[in-house]
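Okay, here's what each chain looks like letter by letter:
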Amino acid sequence: MLGVIRRRVASGGSSAATARHLLQKSRAGVCGPRASLIGEESIFVLGNRPTRNICHLASRGHAIALKPSSVALINPSLDAFRQWRSFSSDSDDLVDAVVPFMGESISDGTLATFLKKPGDSVAADEPIAQIETDKVTIDVTSPEAGVIQKFVAKEGETVEPGTKIAVISKSGEGATSHVAPSDDASQKAAPLPPPAEKVEEKPKTQVEAPPAKEKLKTPVSVPPPKRSATEPQLPPKDRERRIPMTRLRKRVAARLKDSQNTFALLTTFNEVDMTNLMKLRSDYKDAFVEKHGVKLGLMSGFVKAAVSGLQNQPIINAVIDGDDIIYRDYIDISIAVGTPKGLVVPVIRNTEKMNFADIEKEINTLAKKANDGSISIDEMAGGTFTISNGGVYGSLLSTPIINPPQSAILGMHSIVTRPMVVGGNIVPRPMMYIALTYDHRLIDGREAVFFLRRIKDVVEDPRRLLLDI
């Protein structure tokens, strides 16, 4: 794209013929790109790199180069075009790796880490860096195969889509170390201090002080004041570490606090005898794996129980929107998954149409993506009800917090063998506490208890699902 820049001659008196003559002489050695003269005092310079190849004719008859900072592009669409793609640099051998589009609701991210180093060889579309956003981690890939020449951004910086972070050399020449532009400019701009000149000091005339009338008394050492027993003993600062929160952690913290501030949270509890569900899994686990290629777990049983409970109590699946209540005729269940980077909640779509095998396959797929950071925003969007299984970490009892904009969340806990009264006899049974936290603005205690009771009935006797009772 050609940039067109208009420059008027600084002083009058230069005729059109003189300007054209000087322009032709300096064309080969100074300006480079094509130039044309319009009028007596107006010169237009055209070129494919307008900020580097600009000159004007002064009245004295010689060319003076203009600084790039004094030139303004008439058509700014060139910068907008370059901002959203991985484009070639001045040399056809160099290409720039830029931050890709990150999603409709994500405007920026944090450059978390570089996966490569300057001088490393990369293939086309190979990840070279990771951008951490509020929801997911996005890879920045190399647009071409080659060698990383340099990085032009630093880890921890906030970047937007289209921001250049690296320069790739197709031929593998000129690889340099990681130097950010600001650091490089500051190093070049800082001049060395001139050597200090030695100044001979003249000996000062000693002035005798008048004799003291009295001898100074020996100072008396005062012991430090004793701290009172109530004064706190703070730990030393060198035993503390301060690290910035990740964007995902900040987002989770903000959403959980918004949930507490918005909803009228109330939690109800019950306990479930896991004997029959665990026996069902033990009896059919080998045949289940052989036919479906996935293990039969307890999570699918609770998902099916939650679907049955939501169908019996539709208000649990609804949500408040302003002055209205939105009833949803579909059931998308979110599964809370703890990852090293934070809590994510992938969604299983249309669970009312899925069987045990479909649910187990989808849970395994989403959990794997969540742990390796490859889960997408679409796979976490939506959801009408959430299940959180704190029992995998050994939690005995908890009060989960609602995941906005849902209205309830089911908390599962660890299975503990406890003495229970069955048929008038005390027998050991594997028991689990379950908790339902709900928005009391929308859901009354009656519906919440009935829903949790349905979960208990289905888990304790899975045959109810077959008979729909």
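The structure we're discussing is the one just above.
Residues numbered from 1 in each chain as written. Predicted model: local features only at pLDDT ≥ 70, side-chain atom pairs only at ≥ 80, totals over all residues. Heavy atoms only, no water.

## A word on the packing of aromatic side chains
Next up, step 1: Applying the stated criterion across every chain yields a total of two aromatic pairs.
Next up, step 2: A ring pair is formed by F114 and F151, whose centres lie 3.9 Å apart and whose planes are at 20 degrees; its orientation type is stacked. Of the two residues, F114 sits in strand β7 (residues 109–114) while F151 sits in strand β11 (residues 146–151), which places them 37 residues apart along the sequence.
Next up, step 3: Relative to F451, the ring of F385 has its centre 5.4 Å away and its plane inclined at 65 degrees; by these criteria the two rings are edge-to-face. Remark: F451 occurs in helix α8 (residues 445–460) and F385 occurs in strand β21 (residues 385–389); sequence separation between them is 66 residues. Each member of the pair, F385 as well as F451, is classed as buried. (Phe/Tyr/Trp six-rings, centres within 6.5 Å; stacked < 30°, edge-to-face > 60°. Helix = DSSP H or I, 4+ residues; strand = E, 2+ residues; numbered from the N terminus. Buried < 20%, exposed > 50% of the residue type's maximum accessible area, 1.4 Å probe, protein only.)

## Notes on helix α6 (residues 299–312)
A turn of α-helix holds 3.6 residues, and therefore any two residues three or four places apart point the same way.
Next up, step 1: Look at α6: 20 Å from first C-alpha to last across 14 residues, which is about the 20 Å you get at 1.5 Å a residue.
Next up, step 2: For α6, a buried count of twelve out of 14 residues is recorded, marking the element as mostly surrounded by other parts of the structure.
Next up, step 3: Of all the positions in α6, only M299, S300, G301, F302, V303, K304, A305, A306, V307, S308, G309 and L310 are classed as buried. (Expected span 1.5 Å × (residues − 1).)

## Comments concerning the environment of Y433
Next up, step 1: The residue Y433 is located in strand β24 (residues 425–439) in this model.
Next up, step 2: By relative accessible area, which is 26% here, Y433 ends up partly exposed.
Next up, step 3: For the pair formed by Y433 and K456, sequence separation is 23 residues and the distance between their alpha carbons is 10.0 Å.

## Some thoughts on the pattern of salt bridges
Next up, step 1: Under the counting rule described, the total for this entry stands at 13 salt bridges.
Next up, step 2: The salt bridge involving K164 is made with D96; its shortest N-O contact spans 3.9 Å. Note that K164 is positioned in strand β13 (residues 164–169) and D96 in strand β6 (residues 94–98), a separation of 68 residues in sequence.
Next up, step 3: Of the residues examined, K164 reaches a relative accessible area of 34% and is grouped as partly exposed.
Next up, step 4: A salt bridge links E271 to R418, with the nearest nitrogen and oxygen atoms 2.5 Å apart. (Salt bridge = Lys/Arg side-chain N within 4 Å of Asp/Glu carboxyl O.)

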